[in-house]
Amino acid sequence: MAPQVLSLTPAAAGRVRHLVETQGNGASGIRVGVRSAGCSGMSYTIDFAHEIKEGDEVVEADGVKVVVDPAAVMYLVGSEMDFVQDKLGSAFKFNNPNEAGRCGCGESFTV
């Protein structure tokens, strides 16, 4: 059996639910992808998912939907998406077993 592309922690699912309900403007969930950026080469992208396109991978967890761009699947397989808060802010964090390294600021990664 192939590993799941992406899993969500309860904190991440709760934050996705909150964002979609309060700011989603009719979105069915969020869209996760990767793009070339940063000093390590790649960074994660998150946006609202207003449509599901052919080839998209759809992950449902705790009543929320996460759509993974087809081009990002190979970089995200087996990853866990979390939501963390501290005194300085809050953010989605990816625990990605495919990462070979991260830049010093944590904004980009390499595989």
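Above this text is the structure in question.
Caption draft 1: Structural view of helix H1 (residues 10-23). With 14 residues, H1 extends 20 Å between its outermost C-alpha atoms, agreeing within 8% with the 20 Å of an ideal straight helix rising 1.5 Å per residue. Residues Ala12, Ala13, Val16, Leu19 and Val20 constitute the buried set of H1. The arc that holds every buried residue of H1, seen down its axis, measures 130 degrees, which confines them to one face. When the buried face of H1 is taken as reference, the exposed residues oriented beyond 90 degrees from it are Pro10 and Glu21. Asn25 lies just past H1 and shows a positive phi near 50 degrees.

Caption draft 2: Layout of the pairing of strand S6 (residues 79-86). Note: strand S1 (residues 6-8) against S6, 3 bridges, orientation parallel. Across the sheet, residue Ser7 finds its bridge partner in S6, namely Glu80. Inspection of the sheet shows S6 paired to strand S7 (residues 89-95) by 7 bridges, in the antiparallel sense. What sits directly across from Phe83, in S7, is Phe92. Adjacent in sequence and paired antiparallel, S6 and S7 are bridged by 2 residues.

Caption draft 3: Here's a closer look at the packing of aromatic side chains. Scanning all chains against the criterion turns up 2 aromatic pairs. Each ring, one from Tyr44 and one from Phe94, has its centre 4.1 Å from the other, and the planes form 15 degrees; the classification is stacked. Placement of the pair is Tyr44 in strand S3 (residues 41-49) and Phe94 in strand S7, with a sequence separation of 50 residues. Considered together, Tyr44 and Phe94 belong to a single accessibility category, that of buried residues.

Caption draft 4: Expanded view of the sheet that holds S6. Reading across from one edge, S1-S6-S7 is the order of the 3 strands in this open sheet, with mixed pairing throughout. The two strands at the open ends of the sheet, each matched to only one other strand, are S1 and S7. The sheet shows a mean angle of 25 degrees between the axes of neighbouring strands, direction not considered. Relative to S6, H1 is tilted by about 75 degrees, and along the sheet it contacts S1, S6 and S7.

Calculation criteria
Residues numbered from 1 in each chain as written. Predicted model: local features only at pLDDT ≥ 70, side-chain atom pairs only at ≥ 80, totals over all residues. Heavy atoms only, no water. Helix = DSSP H or I, 4+ residues; strand = E, 2+ residues; numbered from the N terminus. Expected span 1.5 Å × (residues − 1). Buried < 20%, exposed > 50% of the residue type's maximum accessible area, 1.4 Å probe, protein only. Arc of directions from axis to C-beta. Pairing = 2+ DSSP bridges. Phe/Tyr/Trp six-rings, centres within 6.5 Å; stacked < 30°, edge-to-face > 60°. Axes fitted to C-alpha atoms, helices over the stretch in contact; angles between N-to-C directions. Contact = heavy atoms within 4.5 Å.

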